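Coordinate inspection notes
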Amino acid sequence: MFYITAAPDEIAEKVVNEVTKRTGFFADYIDGLLPKVLSGAIEIIIAIIIFFIGSKLIKFLLSVLAKAWEKHDVDKTIRTFLNSLIKTACYILLVMVILSLFGVTTASAIAVLGSVGITAGLALQGSLSNFAGGVLILLLKPFTVGDYIIDSGSGLEGTVKEIAVFYTKLYTVDKKLVVIPNGMLVTNAVTNVTGTTKRLMDLTISIDYSDDIKLAKTILKKLAEENHYRVDSDINVFVKELGDSSVDLGFRYFVAVDDYWDARWNMLEEVKLAFDEAHITFPFKQLNLHMENDAD
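Predicted, not measured: the structure shown is a model, and the values here were computed from it.

**A few points about the overall build of the protein**
Check the secondary structure of the protein and you find seven helices and eight strands. Across the protein, every contact between residues at least 6 apart in sequence was considered, and the portion connecting residues at least 24 apart equals 64%. With the model as given, the accessible surface of the protein reaches about 20,400 Å², and the carbon-plus-sulfur share is 63%.

What follows is the structure, given as structure tokens:
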């Protein structure tokens, strides 16, 4: 059997004191935590406000620079490159200002950026080569914004829309936006079609071995002479190669750069119609098997 030696009033008083002690501990903990939470929330709100205002200021600065460069007739290629470079630098500076609100000093931020930069440099050698490629393109000017170029490495071609820090944007003939790393454009052979006012239309037309080569050459020469896209008197039609199942005729003449694709599509259609009318066939790859019976 258990006996209660303390009076009920004493027991109640002890329970109340114990509860008060525990609730007092949590109250003190919350009272100490609340200012830290509020302070952190205020710092985050201030950081968001600074980032928003800083972004607006950066956009305003870039627009002012764009007007100034346009006023002084600065090359469009240099403008796009410097815009990308200045924008990147401004956002790095803005991030450093925001970090200073959280107690990160400028010296510490620079040291961290330096160590991160070395690590990133080793891991992102391709990006660094792209940056170096952008600088070389800017200095050497193998092409500028608005030029039509062909990259021999990737086979991509189009009109240069923008030359940024790490990449170059092209608009293809079918209005697709293609992004090519600057490093590729520096290491690969790049053809600048806009460097001249005319472009060579170089076609290969294949005919069957049984067809009349002279007739085919005459038809091709006549089509070129009557074609309104042609801008030069030079027309070359010749036997380019004797293939496995066809005679390949080379067909060359010059057209205006801006008319190249329309001229190409138009001529291919005219060749097909003219050869059909003259009963000249377009061969397809085939394999002839000759079987011999061995005499017993």
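**Let's talk about the sheet that holds strand E7 (residues 230-242)**
Strand order in the open sheet made by the three strands is E6-E8-E7, with antiparallel pairing throughout. Lying at the two open borders of the sheet, with one neighbouring strand each, are strand E6 (198-207) and E7. Averaged over neighbouring strand pairs, the angle between their axes works out to 20° when direction is ignored. One ladder, built from eight bridges, connects E7 with strand E8 (residues 247-256); its direction is antiparallel.

**Let's talk about the environment of valine 178**
On the secondary structure map, valine 178 appears in strand E4 (residues 177-181). A relative accessible area of 16% means that valine 178 is categorised as buried. Placed 10 residues apart in sequence, valine 178 and threonine 168 show a C-alpha to C-alpha distance of 8.2 Å.

**Overview of the side chain of threonine 172**
Examined against the element boundaries, threonine 172 turns out to sit in the loop between strand E3 (167-171) and E4. We classify threonine 172 as buried; its relative accessible area is 14%. A polar side-chain atom of threonine 172 sits 2.4 Å from a polar atom in the side chain of aspartate 174. Ignoring sequence-local partners within four residues, the contact set of threonine 172 consists of Glu157, Gly158 and Val178.

**Quick notes on the sheet that holds strand E5 (residues 190-192)**
Reading across the sheet, the five strands line up as E4-E3-E2-E1-E5 and stay open at both edges, with antiparallel pairing between neighbours. Each of the sheet's edge strands pairs with one partner strand only, and the pair in question is E4 and E5. Going from strand to strand, the sheet's axes swing by 40° on average, the running direction of each strand aside. Inspection of the sheet shows E3 paired to E4 by five bridges, in the antiparallel sense. Paired with threonine 168 across the two strands is isoleucine 180, which belongs to E4.

**Quick notes on a nonpolar patch on the surface**
On the surface, a cluster of nonpolar side chains totalling about 540 Å² of accessible area is made up of Ile42, Ile44, Ile46, Ile48, Leu101 and Phe102. Following the sequence through the fold, isoleucine 44 ends up in helix H1 (residues 8-71). Looking at isoleucine 44, the relative accessible area reads 47%, which means it is partly exposed.

**A look at the pairing of E3**
Within a regular strand, the side chains alternate between the two sheet faces. In the sheet, strand E2 (residues 157-163) pairs with E3 via four bridges, with the strands oriented antiparallel. Note on E3: the bridge partner recorded for isoleucine 163 is threonine 168. Counted along the chain from E2 to the antiparallel partner E3, the turn is three residues long. Between E3 and E4, which follow one another and run antiparallel, lie five residues, and lysine 175 among them has a positive phi close to 65°.

**Considerations on the confidence of the model for the protein**
Residue-level pLDDT values for the protein average 78, and 73% of them are 70 or greater. For the protein, the element scoring lowest by mean pLDDT is helix H3 (residues 106-123), at 57; helix H6 (residues 213-226) scores highest, at 94.

Reading the values: the criteria
- Residues numbered from 1 in each chain as written.
- Predicted model: local features only at pLDDT ≥ 70, side-chain atom pairs only at ≥ 80, totals over all residues.
- Heavy atoms only, no water.
- Helix = DSSP H or I, 4+ residues; strand = E, 2+ residues; numbered from the N terminus.
- Contact = heavy atoms within 4.5 Å.
- Areas by Shrake-Rupley, 256 points an atom, 1.4 Å probe, with all protein chains shown as cover.
- Pairing = 2+ DSSP bridges.
- Axes fitted to C-alpha atoms, helices over the stretch in contact; angles between N-to-C directions.
- Buried < 20%, exposed > 50% of the residue type's maximum accessible area, 1.4 Å probe, protein only.
- Polar contact = N/O pair within 3.5 Å; in protein donor to acceptor, adjacent residues only side chain to side chain.
- Patch = residues over 30% accessible without salt bridge, like charges linked within 9 Å, V, L, I, M, F, W, Y side chains within 5 Å.
- Salt bridge = Lys/Arg side-chain N within 4 Å of Asp/Glu carboxyl O.
- pLDDT = per-residue confidence, 0-100.

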